[in-house]
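Each chain, written out:
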Amino acid sequence: MSIELNEVSLSYGGDELVLDSISTQIHDGEFVAVLGASGCGKSSLLNVIAGLLPPSDGWLQVPDDGAAFMFQDANLLPWLTAAANIELALKLCDYPAGQRAARVRQLLELVQLDHAGDRKPHELSGGMRQRVALARSLAQDRQVLLMDEPFAALDAITRDMLHEQLHSLWAATGKTIVFVTHNVREAIRLAERILVLSSRPGRIIEIRRISDTLRNDPAHSVALADELTTILRREQMKNDRVDQL
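None of the values given here were measured: they were computed from a predicted structure. (Residues numbered from 1 in each chain as written. Predicted model: local features only at pLDDT ≥ 70, side-chain atom pairs only at ≥ 80, totals over all residues. Heavy atoms only, no water.)

Trainee: Break down the layout of surface pockets for me, citing the residues and quoting the values.
Mentor: Of the volumes computed, that of the largest pocket is approximately 200 Å³. As for the largest pocket, its lining consists of 15 residues, and the residues nearest its centre are Phe69, Ala89, Arg136, Ser137 and Gln140. When residues of the lining of the largest pocket are traced back to their parent elements, those giving at least two are strand 5 (67-70), helix 2 (82-92) and helix 4 (126-139). Its residues assigned to classes, the lining of the largest pocket shows nine nonpolar, four polar and two charged. (1 Å grid on protein atoms, 1.4 Å probe; cavity = no way out; pocket = protein on both sides within 12 Å on 5 of 7 lines; lining within 4 Å. Points joined across faces, edges and corners; volume = space filled by probe spheres on them. Helix = DSSP H or I, 4+ residues; strand = E, 2+ residues; numbered from the N terminus. Nonpolar A, V, L, I, M, F, W, Y, C, P; charged D, E, K, R; others polar.)

Trainee: So, the confidence of the model for the protein: which residues are in play, and what are the values?
Mentor: Chain-level statistics for the protein give a pLDDT mean of 90 and a share of 96% at 70 or above. Across the protein, the element-wise mean pLDDT spans from 82 in helix 8 (residues 218-244) up to 96 in strand 3 (residues 31-35). (pLDDT = per-residue confidence, 0-100.)

Trainee: Please set out the nonpolar core residue by residue, giving values where relevant.
Mentor: Here is a general trend for soluble globular proteins: nonpolar side chains tend to be buried in one another's company. Judged by nonpolar contacts, the single largest core of 49 residues is most densely connected at Met147, Ile194 and Leu228. Considering each element in turn, this core owes the most residues, seven residues, to helix 4. Ignoring sequence-local partners within four residues, the contact set of Leu228 consists of Leu35, Val184, Ile188, Ile194, Val196 and Arg208. Judged by nonpolar contacts, the second largest core, of 23 residues, contains Ile3, Leu5, Val32 and Val144. (Core = buried A, V, L, I, M, F, W, Y, C linked by side-chain atoms within 4.5 Å. Buried < 20%, exposed > 50% of the residue type's maximum accessible area, 1.4 Å probe, protein only. Contact = heavy atoms within 4.5 Å.)

So, in structure tokens, the structure goes:
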């Protein structure tokens, strides 16, 4: 089942419009990046899709089982091991008790952390904590995975590694992924389609489809990155002017 948004708007009270008439369809199994400058409403859009915020206007349709959410911060419980953090998600989803240990091992293997299940968060690197958070999101076994700038705080080498792992996981699981980012190259590297939001209030101003041919062609991918960066800079300048008023 696809995700469909029809003229979705969001305001935080009064006349402060955050999202304005967002209409789009995200197909089952698609990887979509939502790209925009800071403050344009990207995270708010993700919260609306997740059901955490009701739209002020318009309507949306999401799969009946809802969506799993992965945040920028891993938010692991510090007193639990990596395995126990994942198991907690299984418990909350009423996963059969006798099958949890095997499922935790499977998820740790999926994110290449089968050697680190007994470690606590402070014993893990930033990239490893994010992989535990990813495994915890996958433990919810939802078709839709919403990701809010999950790799923004990581160094470039770790981020590149996690890009490869995420793309492999997406190919293996067939999940629908909506990935919020302000990093143009990250969006091009990961997504099949990019939705570019305007400055506040957020509207869809560009939709770009990313083929494997384009992604693997350095000249074309750099040219597209330059073009999208120019759009984001223009929109950020609009945001800055509004903030100064």
